[in-house]
Amino acid sequence: MQLLVQWEDEVANRQVQFSVDYSIEHAKLTIDQVIPTKVFILDRDADSAKKSIGVHTQKGRQLLVDQFTNSGRLEELTLEIGRRNGLLIAV
């Protein structure tokens, strides 16, 4: 299954769009892939995006996935996917 999610990285003043592939087998949730697809540079004064940039390199993808994971948002997302699918998840 696949989800499109956005993470607002307030520290870097950007919003990152991710494609998240996951599977559920035998009541177990597995995040298979987290792929950043686009970065929106935010204009806080106008409360909108100034610019968007596609993510095309493996190094750029890995950097964004690492930052997303380190922010704790991947763990929150995993719990939310589990809740939406009626799974109890031990952290």
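Bear in mind the structure is a predicted one, so any value in this text is a computation, not a measurement.

This structure, assessed with the given rule, holds three aromatic pairs. Ring geometry for Trp-7 against Phe-68: centres 5.7 Å apart, planes inclined by 65 degrees, an arrangement best described as edge-to-face. Linking Trp-7 in strand β1 (residues 2–9) with Phe-68 in helix α1 (residues 58–70), this pair joins segments that are 61 residues apart in sequence. Look at Phe-68 and you get buried, because its relative accessible area is 1%.

We now examine the environment of Gly-86. For Gly-86, the position within the fold is in the segment after α2 (73–84). Overall, Gly-86 belongs to the exposed group, its relative accessible area being 65%. On a C-alpha basis, the gap between Gly-86 and Ser-52 in space is 35 Å, while along the polypeptide they are 34 residues apart.

Below, the discussion takes up the pattern of salt bridges. Oppositely charged side chains are able to pair whenever their charged atoms sit close together. Summed over all chains, the structure comprises four salt bridges. Arg-14 is paired through a salt bridge with Asp-9; the nearest N and O atoms lie 2.9 Å apart. By the burial criterion, Arg-14 is buried, and Asp-9 matches it. Between Arg-83 and Glu-80 there is a salt bridge, with the nearest N and O atoms lying 3.6 Å from each other. With Arg-83 and Glu-80 both in helix α2 and three residues apart, this pair spans about one turn of that helix. Taking relative accessible area as the criterion, Arg-83 reaches 53% and is therefore assigned exposed. A relative accessible area of 29% means that Glu-80 is categorised as partly exposed. In this structure, a network of salt bridges that share partners links the residues Glu-80, Arg-83 and Arg-84.

Every regular strand shows the same layout, with side chains that alternate between the two sheet faces. Relative to strand β3 (residues 28–43), strand β2 (residues 14–25) runs antiparallel, the two being bridged by 12 bridges. Directly across from Asp-21, in β3, lies its bridge partner Gln-33. Hairpin geometry of β2 and β3 is characterised by an intervening segment of two residues between the two adjacent antiparallel strands and by a positive phi of about 55 degrees at His-26. Bridge count for β3 against strand β4 (residues 48–54) is six bridges, and the pairing is antiparallel. Following the sheet pairing, Ile-41 is matched in β4 by Lys-51. Hairpin connection of β3 to β4: four residues between the antiparallel strands, including Asp-47 at a positive phi of 55 degrees.

Each value, and the rule that gives it
Residues numbered from 1 in each chain as written. Predicted model: local features only at pLDDT ≥ 70, side-chain atom pairs only at ≥ 80, totals over all residues. Heavy atoms only, no water. Phe/Tyr/Trp six-rings, centres within 6.5 Å; stacked < 30°, edge-to-face > 60°. Helix = DSSP H or I, 4+ residues; strand = E, 2+ residues; numbered from the N terminus. Buried < 20%, exposed > 50% of the residue type's maximum accessible area, 1.4 Å probe, protein only. Salt bridge = Lys/Arg side-chain N within 4 Å of Asp/Glu carboxyl O. Pairing = 2+ DSSP bridges.

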